[in-house]
Every structure is written in C-alpha cells, then in structure tokens.
Amino acid sequence: MKHASLLCSLLLTFGIFCSSRLVAQSEIVVDVRRTPISVEISGSNGAEATKVLEQDLKIHGFNLVSEGSGKFVIKGTADGTSVQATVTESGGKSVLSDTFTGANLRQAAHKLNDAVVKVATGVNGIAATRIAFISERSGKKEVYMSDYDGHNVRQITTDASINVGPRFSKDGQFLAYTTYKSGYPTVMLNRLSSQDRKRVAAFGGTNTGPAISPDNEKIALSISKYGNPELAVIPLLGGEAQRLTNTRGAESSPSWSPDGRRIVYVSDDRGSVQLFVIGAGGGTPEKLVTPSNYSTEPDWSPTGKDISYTIRQGGKFQVSVYNVASGKSRLVTNVGENTDAVWAPNGRHLIFTRGNAGRGNLIVLDVASGETLQVTPNLGICSEPTWAP
Amino acid sequence: MNIKNLVLLGLISLVAGCASDMKKDDGSAGGNAGWESSTGSDLPDPNALGIKGDFDPERDLDFDTLRSDTVYYDYDRATVKASERPKLEAVAIYLKANPKATLYVVGHCDVRGTMEYNRTLGEKRANSARDFLMGQGINGNRIGTLSYGSEKPAVQGDGEDAYAKNRRSEFGLVKK
C-alpha cells in the first residue's frame, strides 16, 4: 500500500493520474453533450451482451447511465448468438424492437448497437464493421483481419515475408497491400469472397501504397519504374500503368475522394513533405496548406468533407484532420505518438497506430466525442490499419 | 476538366494505346508504359538483371563484396553527399571491371519518418545512387533498385548514431 501510494505520487509528478485506466481516456477534448443511455439485458448471455454493447455505445459517444434511466432505455434478453431488444425514448415511446443474430454473440450485440446508433443519432454505427492490419506476432509482418474491436481474428497472409500497407476496397470485397514476397516490393490484391489473390503491380523498382478506387475499377499506387517514385493508376487486376505525376520528388500514399474523381497523396518534390490533390486522370496538382512541413498518410473521408493525415510537431507524430471546405486543420490526438489514421465507413471514427515509429497498438477514435477504444487482437505489435464496412 | 485537357487526355490515351499495341506493359514485363520519362531512366525488372521468378535478396544477392561502399544520407534527404561520392565511384570501377555483373541498390531509412513515406524515400535514395552510377558510364539496365523503408535497420536503437547508420543504400550483386 505504501509502495502503491509512492508510485502514485511519482506518477502524479509526471502528470499521470493513477485512475486514468478507470476514467475514459480522452484525446483532444471535444465539447459535446453525450446522450445518456442505459442497458439492461438478461438471459443466459445477458452479462456478455451487456459488456459488448456498453463498449460499443461508449465509442459512439453515448453516456452510460443506470438501468432504466437515460434518454434511451435498452431492455432485452440474450441467448445463444441472438439478442432480442426494445429501445424506448424517455417518455415511453418505443423507437426500436427487433432480434439481432450473428455468427457469435458479440456480432449480435454489435448489430444491436448499430441499430440503436442509427435511430438515436442518424449516423451509421461501426460496431459490426471489420478491420485489417499488420501484426508482427510471427516475427514477420503478416496481414490479419478482425472485428472493429480486435475480436474474431483471422490471419490473411502466411508469406513469412514483409507485408505492409493493407487497404480495403470501399465495399470490403478486395484487400490490396504491398508484399516483399517477390524479393522486392510488389502489390498484391486479395479477393476476400473467394480467398484468392493476384499480383497486380510488379514493375521494376518499388511498387507500393495501393489504394483501390471507389468503383473497384482501378488502383492508385506509387511506382518507381520511371526512375523515381511517381503516382500512377493501374486497372484493378493489373495492367498498363497510367502515370499521374512527373517530378524529381517521391510521390506516395494515394487516397481517393469518395466520388473517385480526385486523389490526395504525399510529395516531397518542393523540399518539404506535403499533401497534394490531383485529378484521377492527372492534371495540375493542388497543394493542401497544412501547419507542418511534414504531412503524410492522407485518408479521404467517405463523406468527402475531411482528410485525415499525420503531422509532425516537435519531433512527434499526431493525427490531424483537414477540412476540405475551410482548408483548416484540427489536431485530433495528443496522447503518445500516433500515425497512419484511416476513416471508418461512417466518416466519424478513425483508427490509427499508437506507438513509436508507427508500430504499437491500434486505437479507434470517435472524432465527434474524443472517446477512444484500444483494439485488442492480442497479436503483439500491430500497425497500418484499414477499415471495411 | 476543360476542353483543352480533355483533348490532351484523348491524345495521350491514343498514343498510350498505340504504344501498348507494340509492347505490352502489364507490370510483370516492367517496360515502358508509353509515357515519356523526364527524370532518371526506366528501371530494369528482376528478369532483366538475371533473376528468374521470385527471389530472396538475403540468399540471391551478395551484399558482402561492396559492403564497404554503403552510401549514407542526411536526414530526410536522398541526394548523394560529396563525402559519399568516392564509394559510388568505387562501385562504378567494380562494375566496369566485371562487365557481366548486375546489382541491386537497396535503399533504407531511419525510423523517424512515417512508414509508407519511408518506402518511397528509400527508393529515392536507391534511385539517386543509380543515377550517379549511370553518370559514371554504367548502363542503367545493369542496376535495379528496391526499398525497405525503415523495415531493416542496420543497427537497432534510437539516437542520431543509430539513425545515421540506418539511412543508407547498400549494393547487392546478383549471384549468377
């Protein structure tokens, strides 16, 4: 006890509260009124369903209050892999009554959450979505997939090589990534429905950073066959490359606008490392003005309104969000060091890597509330997440 | 997109279309896509360097012979410093003395950049070393490039000492 309090005061000296694990770990605090909601689920799997649902509701910006109270009251029963629930608004009006069934109980609870989020906020929930990412558990870098919270993990590659930079197609049907399996960086495309794959870019030099167009017709990527890394577009299944840039710098990290007409990317051609937007067919690039001379890893939000990116400030990496209409950036992380953020399909949540040098834990952030959730696939060091519906 | 750009795009597509009839560029061939290159020159694919199919750089490339010529770079830079030029001149002399030799220039970065950017920065470093060798009269068809970004540091650890040793291009001769 004495030791514990000594440790506590030491930690306090460094500005860390011992209770920080108990309270919601918040990023940049967002002044938002959280809607109070309560959960009361009975049945043989009631406790587990409640736990999952409460985690889901929290990361969607709700404030969990005692059973039977709140603006929304959820009551139900969970048995097997199903959750039956009714949701009433304060005043007694029923807004939802349905049975949710999944491959497992967690998925049923996730589906219930997303239905509640939809009726309560009008926004699509993300609890029933999936992510892919890189894990170094085997000592090599392999691609894995899981639920958004890290449960139900599936290993996608077993190449015993270096696989990096996975990116889902918008519909989650395809997964593109860079592999060193060929001996040098080439781009692989996995078809998830049939669990097969194809090497789609293996030009001389480095082929990396694949991003599938929203219509699943093309892949934007960085290829160096021209003599240095340039932005190019190839057909989804591989083929002739259409070169979009022509500079002495290195172009990388393309991300498509949701209408597929523009691509945001990184270039160091003008001395510092900056974000640019170019037409999907080429043209004159437009520089995005950001408050850092090192801005990388852009990801265009599915709403089209925002672009998340990584900013370096004082030697540390943080996630920032650039608003396309206003041209203004807003920092959204400040705990530790954070990189490689990508948007959830709903355009409200981000997932990124927290740790040094872009490796560590995966964190889901509700940008609207500042609430975070650590993804727990129990796979050791993880990096480079991507999000599917 | 205005009319002028549309016409231009049409012309480019036409030219690209014609070129592709003559020479298919499907990625595995790694040839010219029908676009003019204004920087550097087209990189050879592994086949052109005498490698068949997938390869394992650790097994199929010899990094020992030219180990002492490893080129180092300034932070976030890909230009060959004056202090590093004699090493590239030595590599050029070796390649002239061994006219059948082909090699890979392998670019690396320290861990202070973001991952995907580092992959292209490492490639840019390898490309600039290759350009220098070509300037010394070595045919570009003998020099391939690849980048590991920050995946394979030469030394572990943080601090400028480690970082400086990791920002490098190494030379791997293709074993034949």
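Because the structure is a prediction, the values reported are computed rather than measured.

### So, the pairing of strand S6 (residues 130–135) of chain A
All names here are of chain A. Along S6, 5 of the 6 residues are buried, which leaves the element largely enclosed by surrounding structure. Pairing geometry for S6 and strand S29 (residues 382–388), over 5 bridges, is antiparallel. Along S29, the bridge assignment pairs Ser135 with Cys382. Direction of pairing for S6 relative to strand S7 (residues 142–147): antiparallel, over a ladder of 6 bridges. In the strand pairing of S7, Ala132 is matched with Met145.

### Quick notes on empty space enclosed by the protein
Over the atoms a probe the size of a water molecule is rolled, and this reveals where empty space is left. A complete count under the given rule lists 1 cavity of 30 Å³ or more for this structure. Roughly 50 Å³ of internal volume is contained in the largest cavity. Lining the largest cavity, in full, are Tyr294(A), Tyr75(B), Asp76(B), Cys109(B), Asp110(B), Arg112(B), Gly113(B), Tyr117(B), Asn118(B), Leu121(B), Arg125(B) and Arg167(B). Among the residues making up the lining of the largest cavity, the classes are represented as 5 nonpolar, 2 polar and 5 charged.

### Here's the deal with the environment of Val273(A)
Note that Val273(A) resides in the loop between strand S18 (262–267) and strand S19 (274–279). Classification of Val273(A) as buried rests on a relative accessible area of 1%. With 19 residues separating them in the primary sequence, Val273(A) and Ser292(A) have C-alpha atoms 8.7 Å apart. Setting aside chain neighbours within four positions, we find Val273(A) in contact with Val266(A), Ser267(A), Asp268(A), Asn293(A), Tyr294(A), Ser295(A), Thr296(A), Asp76(B) and Tyr117(B).

### Some thoughts on the interface of chain A and chain B
Taken together, the contacts link 56 residues of chain A with 48 residues of chain B. Overall, the association of chain A and chain B removes approximately 4,000 Å² of surface from exposure, summing both partners, and the carbon and sulfur fraction of that is 52%. The interface formed by chain A and chain B holds 4 salt bridges in total. When the shortest N-O distance is used, the salt bridge between Lys141(A) and Glu151(B) registers 2.9 Å. Run the count over chain A and chain B and you get 16 residue pairs in polar contact (both at pLDDT 80 or more). Among the elements of the structure, strand S9 (163–168), strand S13 (207–212), strand S16 (242–243), strand S17 (251–256), strand S21 (295–300), strand S22 (306–313) and S29 of chain A are those that each provide at least two residues to the side of chain A that touches chain B. Of all the elements, S17(A) adds the most residues to the side of chain A that touches chain B, at 3 residues. Its residues placed into classes, the side of chain A that touches chain B shows 16 nonpolar, 26 polar and 14 charged.

Analysis parameters
Residues numbered from 1 in each chain as written. Chains lettered and ligands numbered in written order. Predicted model: local features only at pLDDT ≥ 70, side-chain atom pairs only at ≥ 80, totals over all residues. Heavy atoms only, no water. Buried < 20%, exposed > 50% of the residue type's maximum accessible area, 1.4 Å probe, protein only. Helix = DSSP H or I, 4+ residues; strand = E, 2+ residues; numbered from the N terminus. Pairing = 2+ DSSP bridges. 1 Å grid on protein atoms, 1.4 Å probe; cavity = no way out; pocket = protein on both sides within 12 Å on 5 of 7 lines; lining within 4 Å. Points joined across faces, edges and corners; volume = space filled by probe spheres on them. Nonpolar A, V, L, I, M, F, W, Y, C, P; charged D, E, K, R; others polar. Contact = heavy atoms within 4.5 Å. Buried area = accessible area lost by both parts, 1.4 Å probe. Salt bridge = Lys/Arg side-chain N within 4 Å of Asp/Glu carboxyl O. Polar contact = N/O pair within 3.5 Å; in protein donor to acceptor, adjacent residues only side chain to side chain.

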